[in-house]
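# Secondary and tertiary structure notes
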Amino acid sequence: DKSKTDRAVFTEEWNTSTFEATWTYRMEETFGDRVKVEGRKKLVAKGKDACLYVDETSVDVNVPVIGGMIAGTVLSSLGKAQPRLMEWMKKKLHER
């Protein structure tokens, strides 16, 4: 039902000394127990005043027939949030 809106929870835990994080994305309602999304993020030094952002994502959808569509939707949502995340990270890094 594409007219329905489901809630999801995105959780990150950063180790600020290593600039690495683990994260999970959990759907609270539809298929919440059958969709697992998680990953690791890190900032890697790349010379003076530069770094590389690495985000490894794992999506496991245990839903017959439409699992691939659900995985695609989840990845699309995460991708749409990337510009805002990059701005937030830049701000935080400049505060250091």
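These lines cover the structure that appears in this document, whether it is placed above or below.

Cut-offs used in this document
- Residues numbered from 1 in each chain as written.
- Predicted model: local features only at pLDDT ≥ 70, side-chain atom pairs only at ≥ 80, totals over all residues.
- Heavy atoms only, no water.
- Salt bridge = Lys/Arg side-chain N within 4 Å of Asp/Glu carboxyl O.
- Helix = DSSP H or I, 4+ residues; strand = E, 2+ residues; numbered from the N terminus.
- Buried < 20%, exposed > 50% of the residue type's maximum accessible area, 1.4 Å probe, protein only.

## Some points on the pattern of salt bridges
A full pass over the atoms with the stated rule returns five salt bridges. Of the charged contacts in the structure, one is a salt bridge between Lys 41 and Glu 12, with a shortest N-O distance of 2.3 Å. Linking Lys 41 in strand β3 (residues 35-45) with Glu 12 in strand β1 (residues 8-15), this pair joins segments that are 29 residues apart in sequence. In this structure Lys 41 comes out as buried when scored by relative accessible area, which is 2%. A salt bridge links Glu 87 to Lys 90; the nearest nitrogen and oxygen atoms lie 3.8 Å apart. One end of the pair is Glu 87 and the other is Lys 90, both in helix α1 (residues 67-95) and three residues apart, which spans about a single turn. Classification of Lys 90 as partly exposed rests on a relative accessible area of 46%. Each member of the salt-bridge network shares a partner with another, and the members are Glu 20, Arg 40 and Glu 56.

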